[in-house]
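# Chain and residue survey
What follows is the residue order along each chain.
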Amino acid sequence: MIRAEAEARLRQLRVEIEGHNYNYYVLDNPTIPDAEYDRLFRELQGLEAAYPDLLTPDSPTQRVGGKPLSSFTPVRHRVPMLSIRTETDTTPTGALAFDVRVRKELGLTELDPPIEYAAELKYDGLAMSLRYEQGLLVQAATRGDGETGEDVTQNVRTVHAIPLRLKADPPPDVLEVRGEVFMRRDDFERYNEKQRSLNKPTLVNPRNGAAGSIRQLDPAIAAQRPLSFYCYGIGETVGWDMPATHGQILDALKALGLPVSDERIVGPGSPALVEFHRTIADKRDRLPFDIDGVVYKVNRRSLQQQLGFVAREPRWAVAHKYPAQEELTTVEAIEVQVGRTGAITPVARLQPVFVGGVTVTNATLHNEDEVRRKDVRVGDTVIVRRAGDVIPEVVAVVMDRRPMRDLIEPLHPAFTLPTTCPECGGPVLRIDGEAVARCTNGLGCPAQRKQSLIHFASRRAMDIEGLGDRLVEQLVDKGLVQTPADLYQLSLESVAALDRMAEKSAANLLAAIETSRGRELHRFIHALGIRNVGEQTAKDLARHFGTLDALMASDEAALLQVNDVGPIVAESILAFFSEPHNRAVIERLREAGAWQDGVARLAGGGHLVGKSFVLTGALPSLTRDQAKEMIESAGARVTGSVSKKTDFVVAGTEPGSKFTKAQELGITILDEDGLITLLQAGSDQNETSN
Ligand code: IVH
């Protein structure tokens, strides 16, 4: 290749790779396979190695480059980085107080029109100022005390969502962008998972993850931490045609290729803010990252200037938080629980604490290694976290609050897992390489029997209404039920004799058990509680084999033919059915008519067999589960992500990136009505052909 050609190709590759980076890291919507991206990247690296003088600092290959520093250089902010006042009222009406103050400061009366506000998320990470000169990222600085921060350019260059060059021709002479570096929850989990598997230290929470990474003196270490970035404002600008409102400024930053969240609105008066606060409260747990609340800003810059500042806080902005998802409390005891598969889970019994909207008294400690790593002991003050529907967990011990005397080993020893099961006395074993220890007594252990029964009866398995924890507990303790097969032989008298059980409720329970006879094969397979076989795998197995006997007769090779079944799942299935006890219970369940084989509509009767669907957004009347069930009844599969193999995307309100991807790939997009029409088309067909 001649030099001129190489130069042209280099330029083309950089633009193309930056485009893919933008799609992947900013839009969260990759358009090429990873392997193709890697190929382009390697081609660029090759050309740059061959022509070192053509290497430029904004090349995508130059994100990690610098040597470790011994300390960070101070940076004086030319426009100070301010903080925002926090509204103390955490109810949605907190926005009213802000509006009242702003209107008063501006000398407005009730007769004046509402003020236009911008509302956005309050990101929970580390504030950052990015300085672009002639379109190139030249400096990144932390906030520090607001006047002087630290130069963390080397680390910030490793954040892929941050462009090294702005998309503008000509670019502004100087543009300082203010925003937050943070870590997404999935990136945090994945990072910790990897660290754990390498026996390396994990991050305490996404926030510390972000802050700690930016403070790394060695950029190579920072580069391994998956960080994200969103803009929320600007600092110094020279030669930039600055828009008149905050909303437009963010639009302009987005057009320059900078990441700006779409979770923002511009609207009139406090009602718009109250509604935004509510909307975000509802979807907070579904956001891919933690937030600290929302921020309201007066939209028009001229009004912002009129309002000015008090101390270090502008009068035109306020932060409005949500009730905390993390709180402090103390550990009263550490106990272990035995799960359905015998897994022994350490649980912290806590001094009750109100967190994430409920009172929490227990929190999981996951497994032995986690307790040791966090070094949780009785008497410790701990951070408890509860977000959404997630089981509350102990995040960390506040070591500063552990008095020295409590370190006296005999009083508060480090946690050790019992060597025998607290429920049945059976041996507890931890297989090499596995994180969990298990009671090896199988269904000989009453705790495992109870959990298996609870699972068998659960809504997504045999769906026996009313058979919950307390009843199962009694049925097992009184010796009335040992295995699921015993449920179908219960008598009214024996059930009615249980504590707090009237004749009527006993009859209801027996009726519910009765109704569960003849359940679809996939529910029954799921109900068996085979390790590593969840609801989806149970459906795949039912669809593939059609009858339980066919499944029980299959060998490894046959199992591996099934969608998503790998060696580990296959091994679990074979182990389950080779157990004589399990076979005996299944025979008794067969006599009870617990399941119905050859479920035609799953086995191939549906008119949408072989089709693949993806659901995105909220549908107007169907829940996600209902839509899924209907689609699967027609023989089709519902999967989580859109690819070329997807046949239909069903989109509701606020569909995500899956919708855009479907459009790009030219996949048929249906709304709820469209879905129902499609499903009905099949049932009409069946009726006429029958
Ligand atoms: S605006 C002029 N907007 O909160 C006001 N700050 O206490 C300057 N933060 O350190 C800040 N999300 O790091 C603003 N959407 C947002 C924000 C946000 C998070 C952080 C920021 C700052 C702190 C202000």
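See the structure above.
Attention here is on the structure that accompanies the text. (Residues numbered from 1 in each chain as written. Predicted model: local features only at pLDDT ≥ 70, side-chain atom pairs only at ≥ 80, totals over all residues. Heavy atoms only, no water.)

### Some details on the side chain of N299
Following the sequence through the fold, N299 ends up in the loop between β10 (291-298) and α10 (301-307). In this structure, N299 is in contact with E116, Y117, A118, A244, T245, H246, G247, V266 and Q304, ignoring residues within four places of it in sequence. (Helix = DSSP H or I, 4+ residues; strand = E, 2+ residues; numbered from the N terminus. Contact = heavy atoms within 4.5 Å.)

### Re the pattern of salt bridges
A complete count under the given rule lists 52 salt bridges for this structure. The salt bridge partner of R190 is D187, with a shortest N-O separation of 3.5 Å. Separated by three residues within a single helix, R190 and D187 lie in helix α5 (residues 185-197), roughly one turn from each other. A relative accessible area of 15% means that D187 is categorised as buried. A salt bridge links D540 to R543; the nearest nitrogen and oxygen atoms lie 3.5 Å apart. In this pair, D540 and R543 are both assigned in helix α18 (residues 535-545), three residues apart and thus about one turn of the helix distant. Comparing D540 with R543, the two get one shared label, buried. Within the structure, one salt-bridge network assembled from shared partners comprises R78, R131, E133, E176, R178 and E236. (Salt bridge = Lys/Arg side-chain N within 4 Å of Asp/Glu carboxyl O. Buried < 20%, exposed > 50% of the residue type's maximum accessible area, 1.4 Å probe, protein only.)

### Here we look at the site of the ligand
Close to the ligand lie 15 residues; I84, E120, L121, E180 and Y232 are nearest. One nitrogen or oxygen atom from the main chain of L121 is found 2.9 Å from a nitrogen atom belonging to the ligand. Note that an oxygen atom of the ligand is positioned 3.0 Å from one of the side-chain N or O atoms of Y232. In the complex, 88% of the free accessible area of the ligand, which totals 520 Å², lies under the protein chains. (Near = heavy atom within 4 Å. Polar contact = N/O pair within 3.5 Å; in protein donor to acceptor, adjacent residues only side chain to side chain. Areas by Shrake-Rupley, 256 points an atom, 1.4 Å probe, with all protein chains shown as cover.)

### Digging into the pairing of strand β14 (residues 326-338)
Examined bridge by bridge, β14 and strand β17 (residues 381-385) share five bridges and lie antiparallel to one another. Across the sheet, residue E326 finds its bridge partner in β17, namely R385. Pairing of β14 with strand β15 (residues 343-355) involves seven bridges; the strand directions are antiparallel. Counterpart to E335 in the pairing with β15 is V347. Hairpin remark: β14 followed by β15, antiparallel, with four residues in the connecting loop; positive phi at G342, about 90 degrees. (Pairing = 2+ DSSP bridges.)

### A look at the packing of helix α1 (residues 3-26) against helix α2 (residues 34-50)
The geometry of α1 relative to α2 is characterised by a closest axis approach of 10 Å and an angle of 145 degrees between their N-to-C directions. With respect to the hand of their crossing, α1 and α2 are arranged in left-handed fashion. In this structure, α1 uses A6, R9, L10, L13, R14, E16, I17, H20, N21 and Y24 to contact α2, whose residues at the interface are D34, Y37, L40, F41, E43, L44, L47 and E48. Grouping the constituent residues of the contact of α1 with α2 by class yields ten nonpolar, two polar and six charged. (Axes fitted to C-alpha atoms, helices over the stretch in contact; angles between N-to-C directions. Left-handed = near helix turned anticlockwise from the far one by under 90°. Nonpolar A, V, L, I, M, F, W, Y, C, P; charged D, E, K, R; others polar.)

### What to know about the packing of helix α12 (residues 446-457) against helix α13 (residues 469-477)
How two helices sit against one another is set out by the angle between their axes and by the gap between those axes. It is the contact of α12 with α13, at a shortest axis distance of 9 Å, that shows an interaxial angle of 135 degrees. The angle between α12 and α13 falls in the class oblique. In this structure, α12 crosses over α13, and the sense of that crossing is right-handed. Each of R449, K450, L453 and I454 in α12 lies in contact with α13, whose residues at this interface are D469, V472, E473, V476 and D477. Residue classes in the contact of α12 with α13 are distributed as four nonpolar, no polar and five charged. (Parallel < 35°, antiparallel > 145°, perpendicular 65-115°, else oblique.)

### Topic: the sheet that holds strand β24 (residues 637-639)
Pairing in this open sheet of four strands is parallel, and the strands run β24-β23-β25-β26 from one edge to the other. What marks the edges here is a single partner per strand, and that holds for β24 and β26 (668-670). Averaged over neighbouring strand pairs, the angle between their axes works out to 30 degrees when direction is ignored. For strand β23 (residues 612-616) and strand β25 (residues 648-651), the ladder comprises four bridges, and the chain directions are parallel. Looking across to β25, one finds that V614 is bridged to V649. Sheet contacts for helix α24 (residues 624-633): β23 and β24; angle to β23, the most-contacted strand, approximately 170 degrees.

### Examining the state of the cysteines
The tally for this structure, following the rule as stated, stands at zero disulfides. The thiol of C439 is unpaired, and the distance to the nearest cysteine sulfur, on C424, comes to 3.6 Å. On the accessibility criterion, C439 (4% relative accessible area) is buried. (Disulfide = S-S within 2.5 Å.)

### Here's the deal with the nonpolar core
If you look at the biggest cluster of nonpolar residues, it comprises 53 residues, and the most contacted ones within it are I464, L487, Y488 and L541. Excluding anything up to four places from it in sequence, Y488 contacts F456, M462, I464, I513, S516, R517, L589, A592 and A594. (Core = buried A, V, L, I, M, F, W, Y, C linked by side-chain atoms within 4.5 Å.)

### Observations regarding the side chain of K539
In this fold, K539 is placed in helix α18. Among residues more than four places away in sequence, those in contact with K539 are H522, K628 and E632.

### Digging into α5
Helix length check: α5, at 13 residues, gives a terminal C-alpha distance of 18 Å against a target of 18 Å (1.5 Å per residue), a fit within 8%. Burial in α5 covers these residues: D187, F188, Y191, N192 and Q195. Down the axis of α5, the smallest arc covering the buried residues is 125 degrees, so these residues share one side. Residues R190, E193 and S197 are exposed on α5 and point more than 90 degrees away from its buried face. Its buried side turned inward, α5 meets α6 (206-214) and β8 (228-238). Where α5 terminates, the next one or two residues include N199, which has phi positive at roughly 60 degrees. (Expected span 1.5 Å × (residues − 1). Arc of directions from axis to C-beta.)

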